[in-house]
Structure formats: C-alpha cells, structure tokens
Amino acid sequence: MNERLPSKHIVLLGMGHTNAHVLRMYGMHGLEDTALTCISNFNVATYSGMLPGYLAGQYSLDDLFIDIAALCKQAGAHLIRGSLGRVDAETKTLHISHQASFDPKTLSVHYDYAVLNTGAAPAKCFPVSHPDCHYVKPIRNLLADLPRMESVLSEARRSLVIVGGGASGIELAFAFRARFGPDVSITLVSKHRIDRDQALKAGATRIRKAL
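Fair warning: this is a prediction, and the values are worked out from it, not measured in the lab. (Residues numbered from 1 in each chain as written. Predicted model: local features only at pLDDT ≥ 70, side-chain atom pairs only at ≥ 80, totals over all residues. Heavy atoms only, no water.)

Q: When you look at the sheet that holds strand E7 (residues 93-97) in this model, what are you seeing that I'm missing?
A: The strands that make up a sheet are held in pairs by hydrogen bonds between backbone atoms, and each pair lies either parallel or antiparallel. The strand order E6-E7-E8 describes an open sheet built from three strands, whose pairing is antiparallel. Two strands in the sheet have a free side with no partner beyond their single neighbour: strand E6 (83-88) and strand E8 (107-110). Taken over all neighbouring pairs, the strand axes of this sheet differ in orientation by 30° on average, direction set aside. For E6 and E7, the ladder comprises five bridges, and the chain directions are antiparallel. Bridge pairing links Ser83 to Ser97 in E7. (Pairing = 2+ DSSP bridges. Helix = DSSP H or I, 4+ residues; strand = E, 2+ residues; numbered from the N terminus. Axes fitted to C-alpha atoms, helices over the stretch in contact; angles between N-to-C directions.)

Okay, structure coming up:
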C-alpha cells in the first residue's frame, strides 16, 4: 500500500543560518502531515556569526560553512538548487530559475507556507566598484576578496577603514586587528556614538576602551 503524501508544503527560500536552524528543528521534531523543501543556490551556507572568528584566525574555513545538503538528507527534506525568479502569491507558487538540472527551464514550486530569507546585499544607492572597497555581504564575495586585501595590507604603512559602527563593525575591527597585527592602521566609521545603540549601550564604555 502506498503511503499518503503530506497535505501541507513548507518552502524555505534562502538557506542562511536562520532557515538552517528551522531545517534542523524540522529534522529533530518533524511536522505532522507536512513536507519541507529548501531552495538554495549552494549546497552549503556561510554562517555570518563565525566570520569574525574566522578572520581572527580562531576558526578554519570549514567551520564557517553549514552543510545544507547533509542537513536536508538527515531531516528528510527536499533540496532544490536554484534562485528565486518571482513569487505568485495568488496561486502560492514560487518560480525558480538556474536550478542544477539538465533542463534549464523555470521550475514552479507550489507552497502552503513560504519563508523568504535570501540574505543581505549592498544597496544599489551605494554603488562602489573600486577594487579596494569590499562589501561584507555576500560573505562569499568577501572571502574571495580576502587574498587581495591581505596582499595590499601586507605592505608598509597601510590602513583599513570599516564603515558601520554597529556590533558587526566592532567585531570586524577586533577581528582584523587580530589578523593583521599592529602594523595596519584600522579606523571604524560610525554614524552614531556607541552608547546610542541600544544593543551596545550597556557595554559602550568597555567597548570604547577596548577599541
């Protein structure tokens, strides 16, 4: 006798660490009468929380990645390699392009619930193409740029400017100091004082002292 197919379908689009955690919980506890599909451009996802530690030399490159394909296999979820073309909310359909298959046509995926978490990217209002300007997101691009950064900063009297003085920018300042040592000048540019950030206010004095 054939088993009845699940009546509900959840689709996770974009497999950053948030959706990866949802996938892990699905694998641990499941959802009755519910199938799960994950859509991602890659079989692995970078975990942004590990980036400062990797830059500081505390973690290896392998530690920086989450094996999405392995998680899907363990959880009994379906993985589709592709990117979002468009969403048809009326018919609850995602149109996926560039999927890893021999058939290049767009793939249509029906959903009952869809979680769209495609990650951060630089805003078009701040376009910079200079080879010595590096965006943190997408992290894969920063990792690809890292050898050039190291080559440039290995020369005498070099400086590094980090734009963005929130928690992430502060972590990056500490991480790059650990990576490049005292010979590189590091400047952190922030729109506001540290104590105006509610997430940093309690430790603002200690953060400034450490910086």
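Additional details are given in the paragraphs that follow.
Q: Explanation requested: the pairing of strand E1 (residues 8-13) in the structure shown.
A: Two faces make up the sheet, and in a regular strand the side chains alternate between them. Within E1, five of the six residues are buried, which leaves the element mostly enclosed by the surrounding structure. Alignment of E1 against strand E2 (residues 34-40), held across six bridges, turns out to be parallel. The partner of His9 across the bridge, within E2, is Ala35. Running through helix H1 (residues 17-29), the crossover from E1 to the neighbouring parallel element E2 is right-handed. One ladder, built from four bridges, connects E1 with strand E9 (residues 113-116); its direction is parallel. Bridging across to E9, Ile10 finds its partner in Tyr113. (Buried < 20%, exposed > 50% of the residue type's maximum accessible area, 1.4 Å probe, protein only. Right-handed = clockwise from strand over helix to strand, strands pointing away.)

Q: Looking at this model, I keep getting lost on the packing of aromatic side chains. Mind explaining?
A: The geometry of an aromatic ring pair comes down to the distance between the two centres and the angle between the two planes. Here the structure, examined in full by the defined rule, presents one aromatic pair. Considering the side-chain rings of Phe176 and Phe180, the 5.7 Å spacing of their centres and the 5° angle between planes classify their relative orientation as stacked. Here Phe180 and Phe176 lie together in helix H5 (residues 167-180), a separation of four residues that amounts to about one turn. The pair formed by Phe176 and Phe180 is uniform in burial state, with each residue classed as buried. Just above the ring of Phe42 sits the side chain of Arg140; from NZ or CZ to the centre is 3.7 Å. (Phe/Tyr/Trp six-rings, centres within 6.5 Å; stacked < 30°, edge-to-face > 60°. Lys NZ or Arg CZ within 6 Å of the ring centre and 35° of its normal.)

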